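# A structural walkthrough
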Amino acid sequence: QQQVKQSPQSLIVQKGGISIINCAYENTAFDYFPWYQQFPGKGPALLIAIRPDVSEKKEGRFTISFNKSAKQFSLHIMDSQPGDSATYFCAATDTGRRALTFGSGTRLQVQP
Amino acid sequence: GAGVSQSPSNKVTEKGKDVELRCDPISGHTALYWYRQSLGQGLEFLIYFQGNSAPDKSGLPSDRFSAERTGGSVSTLTIQRTQQEDSAVYLCASSLEGGGGRAQHFGDGTRLSIL
């Protein structure tokens, strides 16, 4: 029940295109859903996060869509740039536990 | 401002030796977390500190792993009698507590290699 399933494992997008990464969870106690971006040799960096009381959150080119009934959430990267090439992780946690449960990661490559 | 600082950035040691990994959280962050990142297992939670106490140690993989936090700030993760399967990147994160303080901010990790 603690799992967060992430897909796809890897993604190639042309510059200017839209990158979409999906995650699904089982634990209905999860109440905080962040996305992290990680470059090689660096720690994960918080990108954007959402709580289940909203269905969408947008920050610049990054948007989280959240579907509470389906227990799914996704990251959309608009106008993808080569500098966005990185590994992206979705995660989830709940107030009681605090520890993040991570998805398996998506390696995004944006081709110029 | 300064982010989460971890040292050393790289550590190579022989099987059976003990290692200590250090984490300096963001100033004022009362919560501190250790995670492990490996190719086979992805990102795994190890332990969570609130202040100096550890209410959640559920992710520690064996009794060879221990951690402490002193003064509500610096934390040390100790691995005794290291095994090759301990090779991984050990990541530390910190967060504010209360209000909107759920965001966990990560350091760049310690890459541990067991020969």
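These numbers were taken from a predicted model, which means no experiment stands behind them.

Each value, and the rule that gives it
- Residues numbered from 1 in each chain as written.
- Chains lettered and ligands numbered in written order.
- Predicted model: local features only at pLDDT ≥ 70, side-chain atom pairs only at ≥ 80, totals over all residues.
- Heavy atoms only, no water.
- Helix = DSSP H or I, 4+ residues; strand = E, 2+ residues; numbered from the N terminus.
- Contact = heavy atoms within 4.5 Å.
- Buried < 20%, exposed > 50% of the residue type's maximum accessible area, 1.4 Å probe, protein only.
- Pairing = 2+ DSSP bridges.
- 1 Å grid on protein atoms, 1.4 Å probe; cavity = no way out; pocket = protein on both sides within 12 Å on 5 of 7 lines; lining within 4 Å.
- Points joined across faces, edges and corners; volume = space filled by probe spheres on them.
- Nonpolar A, V, L, I, M, F, W, Y, C, P; charged D, E, K, R; others polar.

## Some points on the environment of glutamate 56 of chain A
- Mapping glutamate 56 of chain A onto the fold places it in strand S6 (residues 56-59).
- Leave out the neighbours within four places in its chain, and glutamate 56 of chain A touches Ile50, Thr63, Ile64 and Ser65 of chain A.

## Regarding the pairing of strand S9 (residues 86-92) of chain A
All names here are of chain A.
- Judged by how many residues are buried, S9 sits mostly within the fold: seven of seven residues are covered.
- Alternating residues of S9 divide into Ala86, Tyr88, Cys90 and Ala92 and Thr87, Phe89 and Ala91, and every residue in both groups is buried.
- Strand direction decides the pairing type here: strand S4 (residues 33-38) and S9, joined by four bridges, are antiparallel. Residue pairing for S9: glutamine 37 is matched across the bridge by tyrosine 88.
- Summarising the sheet, S9 and strand S11 (residues 106-111) pair through three bridges and their orientation is antiparallel. Residue pairing in the sheet places threonine 87 in a bridge with arginine 107 of S11.

## Some words on the layout of surface pockets
- Here the largest pocket is characterised by a volume of approximately 880 Å³.
- Surrounding the largest pocket, 31 residues form its lining, Gln38, Phe89 and Arg107 of chain A together with Gln37 and Leu39 of chain B being those nearest its centre.
- Listed by contribution, the elements that provide at least two residues to the lining of the largest pocket are S9 and S11 of chain A together with strand S4 (31-38), strand S5 (42-50), strand S9 (88-95) and strand S11 (110-114) of chain B.
- In the lining of the largest pocket, the residues fall into nine nonpolar, 18 polar and four charged.
- In this structure, the second largest pocket occupies an estimated 360 Å³ of space.
- Top contributing element to the lining of the second largest pocket by residue count: S5 of chain B, with four residues.

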